[in-house]
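# Results of the structural survey
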Amino acid sequence: MKRLRRWARRWYAAWRASRLGTRLAFGLGALALVVFAIVGTVTVGFMHGYLGRRLDEQLKTSQVAQVPGLRSSHGNPEIVYSWFSAVFEVDRGVATPQPGSNLPTDITPLADVASDATRGDVFRTVYLHGDGPYRVRACPVATDSAGSGTVLLSAAPQADLDSTVRQLVLVEVIAFLIALAILVVVGRLVLRRGLQPLSDMAGTAHDIASHDLTGTANLPVRATGEGGGAEVAELRTAFNVMLTHIESSLAARTAANERLRRFVADASHELRTPLTSIRGYADLFRYAAANEPEEREAHLAKIGEETARMSVLVDDLLLLARLDAHDAEPPVRPERVDVVPIAEAAADAFRVGRPAHPLGVSLGTSAVFVDADPVRLRQIFDNLLANAAVHTPSGTRVGLSVSVLDSVAVIRVENAGPGISPEDQQRIFDRFFRVDNSRTRSAGGTGLGLSVVHSLVVEHGGTVEVTSRPGQTVFTVRLPLAG
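The present account deals with the structure reproduced in this document. Note that the coordinates shown come from a computational prediction; the quantities given were computed from them, not determined experimentally.

This part takes up the nonpolar core. The biggest cluster of nonpolar side chains holds 41 residues, and the ones touching the most others in it are L377, F381 and L400. Elements that contribute at least two residues to this core include exactly α8 (339-353), β8 (369-372), α9 (374-390), β9 (398-405), β10 (408-415), α11 (449-459), β11 (463-469) and β12 (472-480). Once you skip the residues sitting within four places of it in the chain, L400 turns out to touch A343, A347, L359, G360, V361, S362, F381, L385, I411, R412 and V413. In this structure, L110, L128, Y134 and A155 belong to the second largest nonpolar core, which totals 19 residues.

Spatial strand order, β7-β9-β10-β12-β11: 5 strands in an open sheet with mixed pairing. Two strands lie at the open edges of the sheet, namely β7 (359-362) and β11, each paired on one side alone. Across this sheet, the average inter-strand angle for adjacent strands is 15°, counted without regard to direction. Pairing of β11 with β12 involves 7 bridges; the strand directions are antiparallel. If you follow V464 over to β12, its bridge partner there is V477. Sitting on the sheet, α9 touches β7, β9, β10 and β12, and the angle it makes with β9 is about 140°.

All right, on to the pairing of strand β4 (residues 132-143) then. Every other side chain in a regular strand lies on the same face of the sheet, so the side chains alternate between the two faces. The pairing of strand β3 (residues 122-128) with β4 spans 7 bridges and is classified as antiparallel. Bridged to Y127 within β4 is P133. As consecutive antiparallel partners, β3 and β4 are separated by 3 residues, and within that stretch G130 has a phi angle of approximately 90°, a positive value. Bridge analysis of β4 against strand β5 (residues 149-157) gives 9 bridges, and the strand direction is antiparallel. In the sheet register, C139 faces β5, and the bridge partner there is L152. The turn linking β4 back onto β5 is made up of 5 residues, and G147 within it adopts a positive phi angle of 85°.

Another aspect to go through is the pairing of β9. Alignment of β7 against β9, held across 4 bridges, turns out to be parallel. Looking at the pairing, L359 lines up with V398 of β9. For β9 and β10, the ladder comprises 8 bridges, and the chain directions are antiparallel. Across the sheet, residue G399 finds its bridge partner in β10, namely E414. Hairpin connection between β9 and β10: a loop of 2 residues separates the two successive antiparallel strands, and D406 in this loop has a positive phi of roughly 55°.

Quick look at the packing of aromatic side chains now. One pass over the structure, following the stated rule, counts 3 aromatic pairs. With 4.8 Å between their ring centres and 15° between their planes, F36 and F176 make a pair best called stacked. Residue F36 is located in helix α2 (residues 20-73), and its partner F176 is located in helix α4 (residues 159-194); the two are separated by 140 residues in the primary sequence. Residue F36 is classed as buried on the basis of its relative accessible area, which comes to 18%. The partly exposed category is assigned to F176, whose relative accessible area is 23%.

About the cut-offs
- Residues numbered from 1 in each chain as written.
- Predicted model: local features only at pLDDT ≥ 70, side-chain atom pairs only at ≥ 80, totals over all residues.
- Heavy atoms only, no water.
- Core = buried A, V, L, I, M, F, W, Y, C linked by side-chain atoms within 4.5 Å.
- Buried < 20%, exposed > 50% of the residue type's maximum accessible area, 1.4 Å probe, protein only.
- Helix = DSSP H or I, 4+ residues; strand = E, 2+ residues; numbered from the N terminus.
- Contact = heavy atoms within 4.5 Å.
- Pairing = 2+ DSSP bridges.
- Axes fitted to C-alpha atoms, helices over the stretch in contact; angles between N-to-C directions.
- Phe/Tyr/Trp six-rings, centres within 6.5 Å; stacked < 30°, edge-to-face > 60°.

The structure is reproduced here in structure tokens:
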């Protein structure tokens, strides 16, 4: 038994390891074999029954023709080739053959049938020793109510019937085996052709697996070809969509890594600049403290300015990191606030800090409530206004407006400066991006102001966009109104 189970497991493992087309072909062959067996069994059964009924009809026809003559003449029964024919006298259940009968050596089974036929026709199949199976019909010729009288019996051999059935079985088996072999071979060829698109897709997957994706995100191949039916075409389309998605994901990852490298390089540079200044002013302060005490205050002021500059940079970096990470401590604490007072406070601070840029304000007369962090909302205003002042010449007009459109608070900060090129507009909200590519504070700061604006607006569920042309640049922030 253990050997049998081991053999079965080995064959089952080999079956599972075989190719799909082979398994489908043999599965189809097994199904066809079952169908052939059912059809063959039904056919043989039907043919055997048909031939048996024909033999019974022949026996009945022969006896019906003989009974009238036997009743009138009491002669001998008609002899039919290869049949046994006999007239039995039945007395009290004992059947005795009459002279002129054609009987085998073993007459006991026939006598039993004859004794049972005194009250009506009897069909029975008996086995005669030395002769084989016979189909027997016995009918009464002249009998009385006591069960005695004359009975005619005819027995036809079933050897021809069985031989015909066996030949039919042999023909069916040979035909079914030939059909099964053709079905398996042709089915395997058809399945191989039908599964070729799947093999092509497997080859495509192997090509992709062998391709080095560390240097490039482009996947060099796609599943091509035709055929296979609607299901295979759908699978091919899904496979190509998956490859496109993987390619876009790899491209996004490559771009993210590149942005990260650029971000680290820019942050390092921005932090190095104030640190270098602080170190230089510290050396000067030490020299001034030893030799020229009157210059200490000036050097301390410079150190303070560079420290404040570095603090602003670090605060912006920390805020962006918190907005990206969504740590346990939320970076914003939204509440129901009115945008108008915050915009007025930002406008007043801008007028004081940037007197060289005239500011036009349009805030309307009604309150505009949104769910926002008031500190971060003020930071959005300050950064947008500061950006307008830093990147435009002195005397350039700046505008600030707050309005409501379709249940959305719309904040617009515009200026009449030289404008931003379409190429730079695509990257205007990237971190450390500056239009002039300069790294000096006087030429535009660290390049984090608009990145902070974009991240804060998105965190509040809003959008920010820029439109620019020579003479007009507009930053538009849209925030959903408070419910």
